[in-house]
Amino acid sequence: MFNPTSAQVRQFFIDAWNGYRAGSALEGASKIAAQVMTRHPEYHKLLEESEPALHAEFSPDQGRINPFLHLSLHLAVEEHLAIGQPAGIRGHYLALLRKLGNEHDAQHEVLECLGETLWKSQRAGQPPDAREYLDCLARKTA
């Protein structure tokens, strides 16, 4: 099972961003990450300042969103949509896309449900509940 450290996750995004900016041919997750990062210009400066980004603190108590967590959730949503898991996610996503009119906003709604589902599972010490994830999406599309 792949279980990267936060420093490895941060380095992955920094490397993908640097590769994208250099015009390198990116593949796989790096290519998807670069596409996601282009839609988040508010993170570009941080990604370009590699060393501070590796050690920055992002505490919800300070009102700071962790950009690496946000980008990681985007990658997870991209993967869920690509493989159609959990079953039914694509239908909810398409409904959100019709409702909101653009992919990024629709993905953010899915991302919120995924984040909430993961948070609850961590608090309970249980695996994420796919039904809860889908139920959250159903409420957003109602």
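Read on for an overview of the structure. (Residues numbered from 1 in each chain as written. Predicted model: local features only at pLDDT ≥ 70, side-chain atom pairs only at ≥ 80, totals over all residues. Heavy atoms only, no water.)

**Some details on helix α8 (residues 130-141)**
In step 1: With 12 residues, α8 should cover 16 Å at 1.5 Å per step; its first-to-last C-alpha distance of 17 Å lies within 8% of that length.
In step 2: Buried within α8 are the following residues: Y133, L134, C136, L137 and K140. When α8 is viewed along its axis, its buried side chains cluster within an angular range of 155° and face the same direction. Opposite its buried face, α8 presents the exposed residues R131 and R139, each directed more than 90 degrees away.
In step 3: Tucked inside the fold, the buried residues of α8 contact α5 (67-83), α6 (89-100) and α7 (103-124).
In step 4: The N-terminus of α8 is capped by D129, whose side-chain oxygen sits 2.9 Å from the backbone nitrogen of R131. (Helix = DSSP H or I, 4+ residues; strand = E, 2+ residues; numbered from the N terminus. Expected span 1.5 Å × (residues − 1). Buried < 20%, exposed > 50% of the residue type's maximum accessible area, 1.4 Å probe, protein only. Arc of directions from axis to C-beta. Contact = heavy atoms within 4.5 Å. Polar contact = N/O pair within 3.5 Å; in protein donor to acceptor, adjacent residues only side chain to side chain.)

**Focus: the packing of aromatic side chains**
In step 1: Going through the model one piece at a time under the given rule, you end up with 4 aromatic pairs.
In step 2: Centroid distance F12 to F13: 5.1 Å. Interplanar angle 70°. Geometry classified as edge-to-face.
In step 3: Residue classification places F12 among the partly exposed residues on the basis of a relative accessible area of 26%.
In step 4: Ring centres of W17 and Y20 lie 5.2 Å apart, and the angle between their planes is 25°; on these two criteria the pair is classed as stacked. Of this pair, W17 and Y20 both sit in helix α1 (residues 6-22), separated by 3 residues, roughly a single helical turn.
In step 5: The class for W17 is buried, based on a relative accessible area of 4%. (Phe/Tyr/Trp six-rings, centres within 6.5 Å; stacked < 30°, edge-to-face > 60°.)

**Here we look at the pattern of salt bridges**
In step 1: For the structure shown, the criterion picks out 8 salt bridges.
In step 2: The residue E112 makes a salt bridge to K140 at a minimum N-O spacing of 3.1 Å. On the criterion of sequence distance, the pair formed by E112 in helix α7 and K140 in helix α8 is long-range, its members being 28 residues apart.
In step 3: Between E116 and K120 there is a salt bridge, and its shortest N-O distance comes to 3.2 Å. Of this pair, E116 and K120 both sit in helix α7, separated by 4 residues, roughly a single helical turn.
In step 4: Residue E116 is classed as partly exposed on the basis of its relative accessible area of 32%.
In step 5: Residue classification places K120 among the partly exposed positions, given a relative accessible area of 33%.
In step 6: Via salt bridges that share partners, E109, E112 and K140 belong to a single interconnected network. (Salt bridge = Lys/Arg side-chain N within 4 Å of Asp/Glu carboxyl O.)

Shape is all these values report; function is a separate question.
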